[in-house]
Structures are given as C-alpha cells and as structure tokens.
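Here's the letter readout for the chains.
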Amino acid sequence: MRTRLAFALTAFALAACSRSETPAAGDAKGDTGGTLVIATAGDADALLPPVITGVTGRQVADQVFDRLAEIGPDLNTIGDEGFTPRLAKSWSWAPDSLSIAFALDPAARWHDGRPVRAGDVRFSFALIKDPKTGSTTTPLVANVDSVTVRDSLTPVFWFATRSPEQFYDATYQLYVVPEHVYGSVAHEALKTADVARTPVGSGRFRFVRWDPGSRIELVADTANYRGRAKLDRVIWTIAADPQAALTRLQAGEADFYELLLASQVADVTKGGTLRVLPYPALQYAFMGMNQRARKGQGPHPVFGDPMVRRALSMAVDRAGMLRNVYDSLGKPGRGPFPAALGSADTTIALPPFDTSAARALLDSAGWRAGTDGVRRKGATPLRFTILVPASSTPRMRYAVLLQEQFKHVGAQVELEQVDFPTFLSRQGAHDFDAILAAIGTDPNPGGAKQFWHSAAIGKGGSNDISYANPRVDALLDSASATYSASQAKRYMGEAYRQIVADAPAIWLYDVATMGALHKRVHPAGLRADGWWADLPDWSIPAGERIARDQAGLGAGNR
C-alpha cells in the first residue's frame, strides 16, 4: 500500500515526550459534509487489521482503526521523531530504552461508545503475535517481547533488545482493536468470523455496511475524540474490472479512481470535470521466479538455476515494455525497491537487454534448443507458467509481452489469469512457477525483510518466491540494527546489489500512481505510504456538493 515527497519535519525528543494535537474538525463555515465515492476493481479480503492482505481492506481499516501514534509524512522510522499522537496522547521511554509507556487519551472511545483501554492494546498485540491469527505483521513485531497494563490508561511495551525502530514497531505495525468485540473469537477463525466483517474501531470514520463485490460504506464519527471528519461519508464501490471502475467515474457515479493508466489520461480529462491526481507510493512490480518446486521442497526445475534466471532477465526489453504499457509516464524498475524509497540505490546496474547473450547463457547452462523452438535440459523443457491477477490491467499487459519475449530465447510460457482472491491465495501458498507481483513496502529496512529475508519464507511471511541468501539476511539485519540513517542506507544498498546479482526476479516498473479525481473534491495529505492516510481531511466545499451529498449520516451515529 506509496512515491516520496519532501515534507517539513517536526522535532521530538527521543528520551521522553509529551505532546498535543489540534483536532482537524470542521468549523461553522460549511467545510464539513458531502460523500466521496471511490471506484475500485478490487474488493476487500478482510476489514480487521491483523488479517488484511489486500489494499482495499487496508484503505477501509485505516479509517476505522487507530494506531497509538502516527508516523510523520517524511516516514522517519528511527526513534520517535516526527510521530504524532493518536490513541496515545503522550509517551515516555524507560531509562534503559527497553520499554515505552503510552498514556492513552481518556477521551478516546470505540464506535460502540465504550472507552479505549490499555487492555485493548495488550489484546491487539497478543492477536498479531499469535501464529494462529496468521497475520503477516507477526514477523515485524518480533522485537516486542510483551505488552503489559500499568493501569487502565497506560499500556507498556517491553522489548527484547534496544533497536532504532522500537517506537516504529510499537506504533506503525499495530492497529488497536477492541477486546470486548473480538476477544471471544478464536484467533484462527477471525478472518472469516462475522464479527470481523463489521469492524468496530476508534477512527474518525465508522463502519456502516459491506456488500461483498459491490460496496463498502463508512460515515463520519461525529463525536470522535480527534474531531469530526470533514466528509460525511466515504463509499468504495466495487466494479468487475478496472475499466468498469473507470467508467463509473466518467459517468458521474464516483469521484475518485486510484489506478489511472497513462493511456487513459486524455480521455478522462477531456470532459472538464475530472483531473489527474498524481500521488506518492511505495510500490514496485516484478516478475518473481519461484526458487522452490511448485508446492514442493526441492529447487525449482527451471528457476533453481541462477544462470537461467539471469538469462531470462536479459531476454526482456524492460524499457520497451514500459513504453508500451505506460507511455511517457512510466517509471522503470530499479531493483528490489521502489525508486522513491529513502534507502533506494538507483545506480545498481540491472542485467542488460541482450537476447544473444541470453541465448548463449542458456546454452552454457545446458539448455539446448529443440526442433519445436523450446529448449530442454535432458528431459526437462524450459517451460513455466506466469500467475497474474486479471484485475490488474498493467500486469495483464506485461504478462502478454513477457510471454512473447521469452519465446525468442526458447522458453515456452503459459499465462494463468486468475481473480484477485485466487491470486492472493496461490501467492501465499507458493503455488506458482513465476508470478507478476506488485507490492507495497514499509518505509524501513524491515519492509525489505518482509519480502527478501529468508526468515520471511513460509507461513506468515511474504517471501513468496522463497529467495534466500545468508549475506542478504545479514545485511538486512544490520540495516535494521543501526541507529545511523546513512549506515542503514549503505547496508541496504549492498543487500540490493546482492539480490540483483542473484536475479530472483525481473524488475519491471515502479507502480505509476495517479488517480482521476472530480474537481469538486479537495484532497489532503497524500502521504507516501498511502494516499488515503489523511482521507478524513479531504473535503467537498458546500457550493460544490451534489444530490448524493445530502443523504446525511444515517441512524445510529452518535
């Protein structure tokens, strides 16, 4: 779920802090009200933070649930500099830095009216820590040993070791959920439990309804402890595919579509009511090559050989494909990172496009051309499938281009086009040969560890292609352990270079993130790790509202 912009920093002390924040509530001049309709082609997979894996679910949950503190727009992850209060109005570090006590805002309430308490924080941590929950966040809080309750408003986080990102681990990775709502559900059943489909949180929006495959609706929590959201209502309308979602926007049935393609810009803006909204993102796309046999434990019969992986990387015209799909608005992939990430090293040399060299490399690896045009090594053909989500137009187009280009070096490729839930299921089960993946990384070294560290292979991890290199593991661990931003970047750069040398993937593009937005809507924030982070402060001026904006907040909102 991000390109980076330069923002001003607000300094905070590391050893102890006490801070306040002015709620972004609407005033009496009519700056609150209106309905924002977001058109999307992907439904949520879940709405409870610990079990969400898809972006739509994350967008919704980020409005309904709060963290203890929120990261700053510069995405600093070392210490607590730049973080601002949310459920915690202040916090203090122990003298040995092995614990942090958070003082909860006594005004914070769950949407059912009950107060937020330290026990909820302890429960939320236990939820993501439990392997039975199956949360992808579990490896990211490994350094948090436990959460205790000093009193009803003071949860205390205890850490196994001192580390630069203790505060980040305790806040950015943890959404607080109410124990009285979810505590009676077995952790392994949470993803499918009815109660998890009707979330109760403390955020500035509250849940109204989820009609799977059709609509998700939130309304402003008018008595929220941080102030009322400026919008009355936010609706995600789920379309069958990206084109259908865009059509809804152009027909006036929606206000925002987040995945505009370069080829669609001219058509979208010609009517005069919509504008292109570029926004920052930490997302990148690649063709990952499974290092292990499909559903097996041994090496993959094709991709287990690094010479084959490198040859396939050299067989594709990455620049040409980028122009074909994104025209002049594309951003080339630079490696196992988005180019806008603070630790990115865009000087890394990727394998060049050279089909002659690719063929020679395959020859030297023992893959001989057959009379049918398909190479073989002994009885094994150079044949594999590419798993691709049918909901992603760019990845679908890339898959066709890759299939054609691999043919020129003797590789026979079949495309497996599946719906998004099936794609996610098979991705997590390692049930593929190659996969067209588009991932959003966290802003810290731990984000890379989620996908490229050997510890992230297996259940609960996101290293779906089973890539492993001890040197990369050590470098990523060192980057996570240093308190120096420059040293962390150096370690990350070395790790990136090693990953590129191992060629576990073909780096295709940074996800070109731009949306189409109705001119009546005034966005705010557009933070790098999610354009929706400041959605409660988006607004529609009173004089620019339309009929659907007058619907009101509905029954049951306090």
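(A) Broad picture of the nonpolar core. Of all hydrophobic cores here, the largest spans 108 residues; its most connected members are Phe157, Trp452 and Trp538. For this core, the element with the highest residue contribution is helix H14 (residues 485-502), accounting for six residues. Judged by nonpolar contacts, the second largest core, of 40 residues, contains Met287, Leu312, Leu508 and Ala512.

(B) Representation of the side chain of Arg228 in the model. Here Arg228 lies in the loop between strand E10 (215-220) and strand E11 (233-238). Arg228 gets classed as buried once you look at its relative accessible area, which sits at 17%. Within the structure, the side chain of Arg228 is placed 2.3 Å from the side chain of Asp232, a separation counted as a polar contact.

(C) Structural context of the packing of helix H7 (residues 306-314) against helix H9 (residues 355-364). Interaxial distance between H7 and H9 falls to 8 Å at its minimum, and their mutual angle equals 165 degrees. Between H7 and H9, the interaxial angle falls into the category roughly antiparallel. Regarding H7 and H9, the two cross each other, and that crossing is left-handed. Counted together, Met307, Val308, Arg310, Ala311 and Met314 of H7 and Thr355, Ala357, Ala358, Leu361, Leu362 and Ser364 of H9 form the full contact between these two elements. Residues belonging to the contact of H7 with H9 are distributed by class as follows: eight nonpolar, two polar and one charged.

(D) Structural view of the sheet that holds strand E20 (residues 412-418). Taking strand neighbours across the sheet as the criterion, the six strands line up as E15-E22-E14-E21-E19-E20 in an open arrangement whose pairing is mixed. Only two strands of the sheet have a single partner each, and these edge strands are strand E15 (331-332) and E20. Direction of pairing for strand E19 (residues 383-389) relative to strand E21 (residues 434-440): parallel, over a ladder of two bridges. The partner of Leu387 across the bridge, within E21, is Ile435.

(E) Geometry of H14. Between the first and last C-alpha of H14 there are 26 Å, a value that for 18 residues agrees with the 26 Å anticipated at 1.5 Å per step. Here H14 has its buried residues at Ala488, Tyr491, Met492, Gly493, Ala495, Tyr496, Gln498, Ile499, Val500 and Asp502. Against the buried residues of H14 lie H7, helix H12 (445-452), helix H13 (470-481) and strand E22 (505-510). Trailing H14 by a residue or two, Ala503 shows a phi angle of about 50 degrees, which is positive.

(F) Local environment of the environment of Ile216. Within the secondary structure, Ile216 is located in strand E10. Among the residues examined, Ile216 registers a relative accessible area of 0% and is labelled buried. Put simply, Ile216 and Ile238 are 22 residues apart on the chain and 8.1 Å apart in space, counted from C-alpha to C-alpha. Sequence-distant contacts of Ile216, defined by excluding residues within four places in its chain, comprise Asp43, Ala44, Leu47, Thr56, Val60, Arg209, Trp210, Val234, Ile235 and Trp236.

(G) Seen up close, the confidence of the model for the protein chain. In this model, the protein chain carries a mean pLDDT of 89, and residues with pLDDT of at least 70 account for 92%. Across residues 1-29, where pLDDT falls below 50, the model places 81 contacts with residues more than four positions away in sequence or in other chains. Long-range and interchain partners of residues 554-558, a stretch whose pLDDT sits below 50, account for 15 contacts in this model, where long-range means more than four residues apart.

(H) View of the sheet that holds strand E2 (residues 35-40). If you trace the seven strands from one edge of the open sheet to the other, you get E9-E10-E11-E2-E12-E23-E13, paired in mixed fashion. Looking at the sheet topology across the chains shown, the edges are occupied by strand E9 (205-211) and strand E13 (274-278). Of the strand pairs in this sheet, E2 and E11 are connected by six bridges, and their pairing is parallel. Its bridge partner being in E11, Thr40 is matched across the sheet by Ile238.

(I) Helix H1 (residues 55-64), seen in detail. Most of H1 sits inside the fold, with eight of its 10 residues counted as buried. Of the residues making up H1, those classed as buried are Thr56, Gly57, Arg58, Gln59, Val60, Ala61, Gln63 and Val64. Among the structural elements, E2, E9, E10 and E11 are those in contact with the buried residues of H1.

(J) Spatial organisation of the pairing of E21. Among the seven residues of E21, five are classified as buried, and the element is accordingly described as predominantly covered. Across seven bridges, the pairing between strand E14 (residues 283-289) and E21 is antiparallel. Across the sheet, Gln283 pairs through a bridge with Gly440, a residue of E21.

(K) Layout of the pattern of salt bridges. Using the criterion set out here, one finds 26 salt bridges in the structure. Among the ionic pairs, Arg215 bridges to Glu217, the shortest N-O distance being 2.8 Å. Residue class for Arg215 comes out partly exposed when judged on its relative accessible area of 25%. With a shortest N-O distance of 2.7 Å, Asp363 and Arg375 are connected by a salt bridge. One end of the pair, Asp363, is in helix H9; the other, Arg375, is in strand E17 (residues 375-377), and 12 residues separate them in sequence. The class of Asp363 is partly exposed, set by a relative accessible area of 32%. Arg375 gets classed as buried once you look at its relative accessible area, which sits at 5%.

Conventions we followed
Counting starts from 1 at the beginning of each chain's written sequence and moves along it residue by residue. Where totals are concerned, whole chains, interfaces and linings use all residues; where local detail is concerned, this predicted model gives features only for residues with pLDDT of at least 70, and gives and counts side-chain atom pairs only at 80 or more. In computing side-chain properties, one takes all heavy atoms of the structure into account and sets aside hydrogens as well as water. Think of a nonpolar core as a cluster: buried Ala, Val, Leu, Ile, Met, Phe, Trp, Tyr and Cys residues, connected wherever their side-chain atoms sit within 4.5 Å. Categorising residues by exposure relies on relative accessible area from a 1.4 Å probe, with only protein chains included: less than 20% of the type maximum marks a residue as buried, more than 50% marks it as exposed, and the intermediate range marks it as partly exposed. Secondary structure elements follow DSSP: runs of H or I of four or more residues count as helices, runs of E of two or more count as strands, with numbering from the N terminus. For the purposes of these results, a polar contact is taken to be a pair of N or O atoms within 3.5 Å, where, inside protein, one atom must be able to donate a hydrogen and its partner to accept one; residues adjacent in sequence count only when each atom of the pair is a side-chain atom. For helices, the axis comes from a line fit to the C-alpha atoms of the stretch in contact; other axes are also lines fit to C-alpha atoms, and the angle between any two N-to-C directions lies between 0 and 180 degrees. In what follows, roughly perpendicular refers to angles from 65 to 115 degrees, roughly parallel to angles under 35, roughly antiparallel to angles over 145, and oblique to any angle outside these ranges. Crossing chirality is assigned from the near helix's rotation relative to the far helix, an anticlockwise turn below a right angle marking it left-handed and a clockwise turn marking it right-handed. Any two residues whose heavy atoms approach within 4.5 Å at even a single point are treated as in contact. Polar here means any residue outside two lists: the nonpolar Ala, Val, Leu, Ile, Met, Phe, Trp, Tyr, Cys and Pro, and the charged Asp, Glu, Lys and Arg; Gly therefore counts as polar. One requirement defines pairing of two strands: DSSP has to find at least two bridges between them. A helix is expected to reach a length of 1.5 Å times the quantity of its residues less one. For every residue, the pLDDT score states the predictor's confidence, bounded by 0 at the bottom and 100 at the top. Here, a salt bridge means any Lys or Arg side-chain nitrogen found within 4 Å of an Asp or Glu carboxyl oxygen.

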